[in-house]
Amino acid sequence: MYERMLNKSLEPDFEALLAYSGFARSLWEDLDEWIVLGYNAQSTIRFPYGNKYGWSKKYSVKKKHLCDAFAERDAFSLHFRLANVAVESCYERLSTEGNRVCDQKYQCGEGGWITYRILTKEQLEDGKI
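Residues numbered from 1 in each chain as written. Predicted model: local features only at pLDDT ≥ 70, side-chain atom pairs only at ≥ 80, totals over all residues. Heavy atoms only, no water.

## Re unusual backbone geometry
Next, step 1: Although it is not a glycine, N40 sits at a positive phi angle of roughly 55°.
Next, step 2: Despite not being glycine, Y49 shows a phi value in the positive range, around 65°.
Next, step 3: Residue position: Y49 is located in the loop between β1 (42–46) and β2 (56–61).
Next, step 4: On the basis of relative accessible area, Y49 is assigned to the partly exposed category, the value being 37%. (Helix = DSSP H or I, 4+ residues; strand = E, 2+ residues; numbered from the N terminus. Buried < 20%, exposed > 50% of the residue type's maximum accessible area, 1.4 Å probe, protein only.)

## Things to note about the layout of surface pockets
Next, step 1: In this structure, the largest pocket spans a volume of roughly 450 Å³.
Next, step 2: Along the wall of the largest pocket there are 22 residues; nearest its centre are F80, L82, G127, K128 and I129.
Next, step 3: Only α2 (25–39), β3 (64–72), β4 (75–83), α3 (84–90), α4 (96–103), β6 (111–118) and α5 (121–128) provide two or more residues apiece to the lining of the largest pocket.
Next, step 4: Grouping the amino acids of the lining of the largest pocket by side-chain chemistry returns 16 nonpolar, three polar and three charged.
Next, step 5: Looking at the second largest pocket, its volume works out to about 220 Å³.
Next, step 6: As for the second largest pocket, its lining consists of Y49, Y53, H79, R100, V101, Q104, K105, Y106, W113, I114 and T115.
Next, step 7: The biggest single contributor to the lining of the second largest pocket is β6, with three residues.
Next, step 8: Of the residues assigned to the lining of the second largest pocket, the class counts are six nonpolar, three polar and two charged. (1 Å grid on protein atoms, 1.4 Å probe; cavity = no way out; pocket = protein on both sides within 12 Å on 5 of 7 lines; lining within 4 Å. Points joined across faces, edges and corners; volume = space filled by probe spheres on them. Nonpolar A, V, L, I, M, F, W, Y, C, P; charged D, E, K, R; others polar.)

## Examining the nonpolar core
Next, step 1: Membership of the largest hydrophobic core comes to 29 residues, with the highest contact counts inside it found for L17, W28, L31, Y59, F76, L78 and I118.
Next, step 2: Contributions of two or more residues to this core are made by α1 (14–20), α2, β3, β4, α3, α4 and β6.
Next, step 3: Leave out the neighbours within four places in its chain, and L17 touches M5, P12, W28, I45, W55, S56, K57 and A71. (Core = buried A, V, L, I, M, F, W, Y, C linked by side-chain atoms within 4.5 Å. Contact = heavy atoms within 4.5 Å.)

## A closer look at the side chain of K128
Next, step 1: As for its position among the elements, K128 is in helix α5.
Next, step 2: For K128, a relative accessible area of 15% translates into the label buried.
Next, step 3: A polar contact of 3.0 Å, which involves the side chain of K128, links it to the side chain of D30.
Next, step 4: Excluding anything up to four places from it in sequence, K128 contacts D30 and W34. (Polar contact = N/O pair within 3.5 Å; in protein donor to acceptor, adjacent residues only side chain to side chain.)

Here you go:
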């Protein structure tokens, strides 16, 4: 369940990532529109961080990395780094699930890496905060 696209030799386009995400397709389309239009973000398809992560769509503004969205079977996961100050500033606005994900972040310096699987509209709204 939630397997990622791990075949590095078969580079997908965005349509293939969306198709793979199945039930979460419309949520990812919503996120994509929100990031690209709202932040004037650029995006690229890539295979980052090593073989266990799989194919993603990277979103960035100029040279600032916003997040990667990884295609998963019937889902997608957002992967991003946040400073502890940023987590604290949005913590109270997140759902219970969003808080749990932030509490389990991979600590790194003055912040950490967060991976948040998106399956519902509520989780998508957390990702937009």
